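Overview (structure and organization)
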Amino acid sequence: MDSEAFSRLLDRARDHAGDYLRTVRDRRVYPDDAALAGLQAFDGPLPQKGLDPHAMLDMLQRHGAPAAVATSGGRYFGFVNGGLHPPALAARWLADAWDQNAAFHVMSPVAAKLEEVCERWLAELLDLPEGTAAGLVGGTSTSLVCGFAAARNALLQRQGWDVAAKGLFGAPEITVVLGAQAHGAVYRALALLGLGRERVVTVPCDDQGRMRAHKLPALDDRTLLILAAGNVNSGAFDPFAPLCERAKAAGAWVHVDGAFGLWAAAAPSTRALCDGMARADSWSVDAHKTLNVPYDSGIVLCRDRRALVDALQTSGAYLEWSGQRESMLYTPDMSRRARGIDLWATLATLGRDGVADLIEQLCAGARQVAGLLRAEGFRILNDVVFNQVLVACDSAAETEATLKVLQSAGEIWCGGSQWDGKPVIRISVCGVETTPEDLARAAAAFVRARQDVAGVPA
């Protein structure tokens, strides 16, 4: 394909993308049955000669776009999915045209430089120790693996055991301590690293999901303590100051799982939630959640740069080291896209004040929708300290039925969860596009869904 034809093809993709973005706020948040049935158009056999590229894009527009979930439309409150910061998407498109491999400096000096800048900016923004290392990965699930690998190897190194060389067979034992409500991704990461999800020591949590500091067991220099910045259901934060103080006195390694909550450190009204957090050794966070960077954008942060590099580096005769930032040292990947470009674009265009304003906006939205629903007789089960709201009706059956109606109606989309052993509806206010009007519409959708369950005419 020559450059003119390529340019025309990109123009067509831009036109289709523009049509989606212009109409996304008016679309159903979740596709209806007809849109889902339209996906069957993709079920044909592999073409013998291949589709015309323009026809391929038209097919995606005709059958794919209607079945996309409108996560960037302002009324999506499922999981903890962030929306879309427009300048970051524009930078992403430009970077995609560059098609950079971010493994080595020699492969992409611009990717290496922007990752280096982001690393410094992130430490400043989150008030982490100067020199904190950052690796850009797909999401917190991977950043947990990276942080735990650095912790495991460093803890074993203190016992004279080189796990990279000898493996875990015959290695000294280390103890993993975490809260009883730790995210499932934490257990998966531990299992992947051979630390055994059934061998962890769990600490009881309070009624908001915070670890009870006075229940912490004895720690030592063979302990990995895992704390949470933002309970996945309630949004609550573990009490970092007393927990980190005990851990540091014992020589334990502390990792903070802050997939969406670590950003609280960047806003005045939520900064106190993170008091003591900077004393940890490693942290994991997503930029595609609270910060609204386009998917995917996860980050692992580590106080000890050498520990992270030692856990993740590889070698090969063909590798070219430059003496500059070699991004592959900080992630499990070698070849990967230049995630630092859209992360840099977000931080650069928001600035410190803009990041704080975004966090304040999301937290204010959570408080708003909680207040509206409480006024309509719904039960709010958590203290709304960040962007998470747990909602229930008068009975478990009514809660489950109301959620089912909400999810099928298309006006908004929320997920379900369990809280204190009972079903709840979980609202995550996470999109930069979400307005007070969107939240009012969400509350009205809750009321209509409950009426539908009760058989009351709207």
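Structure: above.
Residues numbered from 1 in each chain as written. Predicted model: local features only at pLDDT ≥ 70, side-chain atom pairs only at ≥ 80, totals over all residues. Heavy atoms only, no water.

**As for the sheet that holds strand 11 (residues 413-419)**
Strand order in the open sheet formed by five strands is 1-11-12-10-9, and the pairing between neighbours is mixed. At either end of the open sheet lies a strand with only one pairing partner, and these are strand 1 (76-77) and strand 9 (379-380). Inspection of the sheet shows strand 1 paired to strand 11 by two bridges, in the parallel sense. Bridge pairing links Phe77 to Cys414 in strand 11. Across the sheet, helix 11 (residues 339-375) is in contact with strand 9, strand 10 (388-392) and strand 12 (422-428); its angle to strand 10 comes to roughly 15°. (Pairing = 2+ DSSP bridges. Helix = DSSP H or I, 4+ residues; strand = E, 2+ residues; numbered from the N terminus. Contact = heavy atoms within 4.5 Å. Axes fitted to C-alpha atoms, helices over the stretch in contact; angles between N-to-C directions.)

**Observations concerning the packing of helix 6 (residues 140-158) against helix 8 (residues 184-192)**
Where helix 6 meets helix 8, the axes come as close as 9 Å, and the angle between the chain directions of the two elements is 50°. When the axis of helix 6 is compared with that of helix 8, the two are oblique. Crossing of helix 6 against helix 8: the hand is right-handed. Here Ser141, Leu144, Val145 and Phe148 of helix 6 lie close against helix 8, whose contacting residues are Ala185, Val186, Arg188, Ala189, Leu190 and Leu192. Counted by class, the contact of helix 6 with helix 8 contains eight nonpolar, one polar and one charged residues. (Parallel < 35°, antiparallel > 145°, perpendicular 65-115°, else oblique. Left-handed = near helix turned anticlockwise from the far one by under 90°. Nonpolar A, V, L, I, M, F, W, Y, C, P; charged D, E, K, R; others polar.)

**Regarding the nonpolar core**
One finds Trp263, Met277, Ile299, Leu301 and Leu343 to be the most contacted residues of the largest nonpolar core, which totals 50 residues. Among the secondary structure elements, those contributing two or more residues to this core are helix 5 (109-125), strand 2 (133-137), strand 5 (223-228), helix 9 (240-250), strand 6 (253-257), strand 7 (282-286), strand 8 (298-302) and helix 11. Those residues in contact with Met277 that sit more than four places away from it in its chain are Leu126, Leu128, Ala229, Phe240, Val256, Leu262, Ala265 and Trp283. (Core = buried A, V, L, I, M, F, W, Y, C linked by side-chain atoms within 4.5 Å. Buried < 20%, exposed > 50% of the residue type's maximum accessible area, 1.4 Å probe, protein only.)

**Quick word on the side chain of Ser327**
With respect to the helices, strands and loops of the structure, Ser327 is situated in the loop between helix 10 (305-312) and helix 11. Apart from residues lying up to four places away in sequence, Ser327 is in contact with Ala102, Ala103, Ala112, Glu115 and Arg336.

**Topic: the sheet that holds strand 4 (residues 201-203)**
In space, the seven strands of this open sheet follow the order 2-8-7-6-5-3-4, with mixed pairing throughout. Both edges of this open sheet fall to strand 2 and strand 4, since each of them pairs with a single strand only. Here the average twist between neighbouring strands, direction ignored, is 20°. Relative to strand 6, strand 5 is paired through five bridges, and the arrangement is parallel. In the sheet register, Ala228 faces strand 6, and the bridge partner there is Asp257.

**Quick look at the packing of aromatic side chains**
Enumeration over the complete set of coordinates arrives at six aromatic pairs. Seen in terms of ring centroids, Phe79 and Trp413 are 5.8 Å apart; in terms of plane orientation they differ by 20°. Their pairing is stacked. Of this pair, Phe79 sits in the loop between strand 1 and helix 4 (86-98) while Trp413 sits in strand 11, and the two are 334 residues apart along the sequence. Aromatic side chains Phe378 and Phe446 sit 5.6 Å apart centroid to centroid with 85° between the ring planes, which places their arrangement in the edge-to-face category. (Phe/Tyr/Trp six-rings, centres within 6.5 Å; stacked < 30°, edge-to-face > 60°.)

**Focus on unusual backbone geometry**
A cis amide bond, omega -10°, links Tyr295 with the succeeding residue Asp296. Checked against the element boundaries, Asp296 lands in the loop between strand 7 and strand 8. At Asp99, a residue that is not glycine, the phi angle is positive and equals roughly 55°. Topologically, Asp99 is positioned in the loop between helix 4 and helix 5. The exposed category is assigned to Asp99, whose relative accessible area is 65%.

**A short note on the pattern of salt bridges**
Applying the stated criterion to the full structure yields 24 salt bridges. The shortest N-O distance in the salt bridge between Asp15 and Arg14 comes to 3.8 Å. Note that Arg337 and Asp342 form a salt bridge whose closest N and O atoms lie 3.2 Å from each other. Under the relative-accessibility criterion, Arg337 is labelled partly exposed at 22%. We classify Asp342 as buried; its relative accessible area is 0%. Here the salt bridges do not stand alone but share partners, grouping Arg25, Arg75, Glu411, Asp438 and Arg441 into one network. (Salt bridge = Lys/Arg side-chain N within 4 Å of Asp/Glu carboxyl O.)

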